[in-house]
Amino acid sequence: MFLSTAFATLARTKNGGVATPERSPESPVVPVLAPVLVVGAGPVGLSAAIALRSLGVPAVVLEADGQNRERPGSRALFVHRESLRLLESGAPGLAGELTGFGVVWHTKRTLYRGREVFAKTYPAPPADAAPFTSLRQVDTERFLRKACEQAGATVHWGARVSGLRVDPDGVEVATEDGRTFAGSHVIAADGARSTVRRALGITMSGGRSAGFHTTVDIADPDFPMERLFHYHHPALGSRHVMTVPFAGGFQVDVQCAPQDTEARFSTPEAVREWLPRVVERRHLDHILWISSYRFNQVIADRFAEGRVLLAGEAAHLFPPLGARGMNSGIADAFAAADAIAIARGAHNPVRAAAAISGYDAARRSAAQRNNAAVSQALAHLRPRHWHTTARQRAAAALSSVVPRFGAWLENATYGPKTTSVRSGRY
Ligand SMILES: Cc1cc2nc3c(=O)[nH]c(=O)nc-3n(C[C@H](O)[C@H](O)[C@H](O)COP(=O)(O)OP(=O)(O)OC[C@H]3O[C@@H](n4cnc5c(N)ncnc54)[C@H](O)[C@@H]3O)c2cc1C
């Protein structure tokens, strides 16, 4: 029998742990030919399939949307060095494809109420040592899809997962259209509203920050390679404004004020009114996408249950400060693939279970550290204490004589540089 979101069968011990079958030490814990089922073909699911294939594990991806779907907008622009390294380890040449298409900005500038407080231009990195790359998520996914197919993963489009059954020997997943798929494990990368997470009854803890941001993508292949953060932009009612280049254009991101509403600030008409106050008027003819988003900070109470591992936004949601959303999801994907490969190879069920619970502990702890880093950035961007605002104002005033004050204003908007998790930065 299959579960809908209300159904998941897990063999449990009396104390709530996942039961492991009685086996002779020689017998493998799962049939080695069974694939791993990856639910969701977003960037995290595709990365998981690439990682699994690089370990020689068969991977079947089940994606609710059709093959020709068009996902909107820039969303996660920034692919960090750590993610590039992981993706390259899974699919040699993939990092080069991403960096070949994406852009690297060489100049970072910070303004405070219209006055420059920080500017730094870096030498262009060698082609094979890009510190990051910036491209629209739709483009990143295009490269990941190609790599996934080349690696031999099977992708079923139009396969919306509606339920799953987990038992000591494997997993079975049902789709809305009546198909079933069997596998050794599931990587649930089905996004923020994860069906798999709900089916397992795993709850999310955390909250939502006040306020919202509006982002506008603009096509401009000649946009200068400069990332600009403007505190209290004088032409936009003292709202913070950031402009970030991506391959083929740039994004304008506005931290909206407490009195703003999405209905009044984020509509195409509203954007056409305020956009020329922060960028040249000619850009009005090249708007690609407008969106608004709120800052969620939630983390799943468990990242793994038996043979099911949650990854990416199925497991955690962070504000995009420091680009921790997709990048930490890619780290989850590779860690999940590693854990499953160890579990599949283990001849001892206790070791297999330990690999999965190790994933749970390591990636939940990484999520908590990312969350703490984001909270630090938010406390800077949306100060709740007068002394934070006073420090920022003082730092801006003194930045021309004490450059490190300008550097502090530049860096603090993204949170601490490293979250020092054992398995990597994210
Ligand atoms: C409007 C918006 C703006 C954003 N801006 C930024 C940003 O500026 N910076 C940043 O870092 N991040 C941003 N993000 C977040 C970023 O897009 C996510 O971090 C990233 O997409 C997470 O990847 P994922 O693979 O975990 O989930 P998703 O990309 O959501 O992928 C989940 C996949 O699972 C599929 N799926 C869902 N349910 C099922 C099911 N039942 N069965 C089968 N398949 C299913 C979905 O169709 C989808 O393909 C933004 C997101 C949005 C929506």
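Conventions used here
- Residues numbered from 1 in each chain as written.
- Predicted model: local features only at pLDDT ≥ 70, side-chain atom pairs only at ≥ 80, totals over all residues.
- Heavy atoms only, no water.
- Helix = DSSP H or I, 4+ residues; strand = E, 2+ residues; numbered from the N terminus.
- Buried < 20%, exposed > 50% of the residue type's maximum accessible area, 1.4 Å probe, protein only.
- Contact = heavy atoms within 4.5 Å.
- Areas by Shrake-Rupley, 256 points an atom, 1.4 Å probe, with all protein chains shown as cover.
- Pairing = 2+ DSSP bridges.
- Axes fitted to C-alpha atoms, helices over the stretch in contact; angles between N-to-C directions.
- Parallel < 35°, antiparallel > 145°, perpendicular 65-115°, else oblique.
- Left-handed = near helix turned anticlockwise from the far one by under 90°.
- Nonpolar A, V, L, I, M, F, W, Y, C, P; charged D, E, K, R; others polar.
- Salt bridge = Lys/Arg side-chain N within 4 Å of Asp/Glu carboxyl O.
- Polar contact = N/O pair within 3.5 Å; in protein donor to acceptor, adjacent residues only side chain to side chain.
- Near = heavy atom within 4 Å.
- Expected span 1.5 Å × (residues − 1).
- Phe/Tyr/Trp six-rings, centres within 6.5 Å; stacked < 30°, edge-to-face > 60°.

**Q** I tried to follow the overall build of the chain on my own but got confused; where do I start?
**A** In terms of regular secondary structure, the chain is built from 11 helices and 19 strands. Expressed as a percentage of its 426 residues, the buried residues of the chain come to 52%. A sequence separation of at least 24 residues applies to 74% of the contacts in the chain between residues at least 6 apart. For the chain, the accessible area works out to roughly 18700 Å², and carbon and sulfur atoms hold 54% of it.

**Q** Can you walk me through the pairing of strand S16 (residues 287-300) in this structure?
**A** Within a regular strand, side chains alternate between the sheet's two faces. For strand S12 (residues 204-219) and S16, the ladder comprises 12 bridges, and the chain directions are antiparallel. Bridge pairing links Ser205 to Ile299 in S16. By the bridge criterion, two bridges tie S16 to strand S19 (residues 316-317) in an arrangement that is antiparallel. Bridge pairing in S19 links Val298 to Leu317.

**Q** What is the right way to look at the packing of helix H1 (residues 43-54) against helix H4 (residues 137-150) in this model?
**A** Packed helix pairs are specified by the crossing angle of their axes together with the interaxial distance, meaning the distance between the axes. Viewed as axis vectors pointing N to C, H1 and H4 meet at an angle of 25°, and their least axial separation amounts to 9 Å. Classified by the interaxial angle, the pair formed by H1 and H4 is roughly parallel. The crossing of H1 and H4 is left-handed. Across the interface between the two elements, Pro43, Leu46, Ser47, Ala49 and Ile50 of H1 pack against Gln137, Glu141, Leu144, Arg145, Ala147 and Cys148 of H4. A per-class count over the contact of H1 with H4 returns seven nonpolar, two polar and two charged.

**Q** Would you mind showing me how to read the pairing of strand S14 (residues 239-246) here?
**A** Counting buried residues along S14, eight of its eight residues qualify, which places the element largely inside the surrounding structure. The two faces of S14 match: Arg239, Val241, Thr243 and Pro245 on one face and His240, Met242, Val244 and Phe246 on the other face are all buried. Across four bridges, the pairing between strand S13 (residues 226-233) and S14 is antiparallel. Bridging from a neighbouring strand, His233 pairs with Arg239 of S14. With antiparallel pairing between neighbouring strands as the criterion, S13 and S14 make up a hairpin whose turn holds five residues, including Gly237 at a positive phi of roughly 60°. Of the pairings in the sheet, the one linking S14 to strand S15 (residues 249-255) comprises seven bridges and is antiparallel in character. Of the residues in S15, the one forming a bridge with Pro245 is Phe250. Counted between consecutive antiparallel strands, the loop separating S14 from S15 contains two residues, among which Gly248 sits at a positive phi close to 95°.

**Q** Where do I start with the pattern of salt bridges in this structure?
**A** Pairing is possible between side chains of opposite charge, provided their charged atoms come close. If you walk through the whole model with that rule in mind, you get 22 salt bridges. Where Arg142 meets Asp139, a salt bridge forms, and the shortest distance between an N and an O atom there is 3.1 Å. With Arg142 and Asp139 both in helix H4, this residue pair falls three residues apart, about one helical turn. The class of Arg142 is partly exposed, set by a relative accessible area of 41%. Exposure remark for Asp139: the relative accessible area of 13% places this residue in the buried category. Here Glu273 and Arg277 are joined by a salt bridge, their closest N and O atoms 2.9 Å apart.

**Q** Mind showing me how you'd approach the side chain of Ser266 here?
**A** Locating Ser266 in the fold gives a position in the loop between helix H6 (262-265) and helix H7 (268-274). A polar contact is formed between the side chain of Ser266 and the side chain of Thr214, at a distance of 2.9 Å.

**Q** Got a minute to help me understand the sheet that holds strand S10 (residues 180-183) in this structure?
**A** The pairing of strands in a sheet happens through backbone hydrogen bonds and is either parallel or antiparallel. Taking strand neighbours across the sheet as the criterion, the three strands line up as S8-S9-S10 in an open arrangement whose pairing is antiparallel. Strands at the two margins of the open sheet, each flanked by one partner only, are strand S8 (161-167) and S10. Taking the axes of each pair of neighbouring strands and ignoring which way they run, one obtains an average angle of 20° across the sheet. In terms of strand pairing, S8 meets strand S9 (residues 170-175) through six bridges, oriented antiparallel. Bridge pairing in S9 places Leu164 opposite Val173.

**Q** How should the site of the ligand be read in this particular structure?
**A** Surrounding the ligand, one finds 28 residues, the nearest of these being Glu63, Arg69, Gln137, Val161 and Glu313. In isolation the ligand exposes 990 Å². Once the protein is present, 82% of that is buried. Residue composition of the shell around the ligand, grouped by class: 13 nonpolar, seven polar and eight charged.

**Q** Please explain helix H9 (residues 349-381) as it appears in this structure.
**A** Along an α-helix, residues three or four positions apart point the same way, because every turn accommodates 3.6 residues. Spanning 33 residues, H9 covers 48 Å between terminal C-alpha atoms, matching the ideal 48 Å at 1.5 Å per step. The opening residue of H9, the one whose side-chain oxygen lies 2.7 Å from the backbone nitrogen of Val350, is Asn348.

**Q** Help me out: how do you make sense of the packing of helix H2 (residues 81-90) against helix H3 (residues 94-101) in this one?
**A** With their axes 7 Å apart at the nearest point, H2 and H3 run at an angle of 135° to one another. Accordingly, the angle class assigned to the pair H2 and H3 is oblique. Facing Leu84, Leu87 and Glu88 of H2, the residues of H3 in contact are Leu94, Ala95, Gly96, Leu98 and Thr99.

**Q** I keep staring at the packing of aromatic side chains and nothing clicks. Help me out?
**A** What describes a pair of aromatic rings is the distance from one ring centre to the other and the angle between the planes of the rings. The tally for this structure, following the rule as stated, stands at nine aromatic pairs. Centre to centre, the rings of Phe229 and Tyr231 are 4.9 Å apart; their planes meet at 75°, and the pair counts as edge-to-face. Accessibility expressed as a relative area gives 7% for Phe229, which makes it buried. Judged by relative accessible area, which is 0%, Tyr231 ranks as buried. Pairwise contacts between aromatic rings join Phe78, Trp105 and Phe132 into one cluster.

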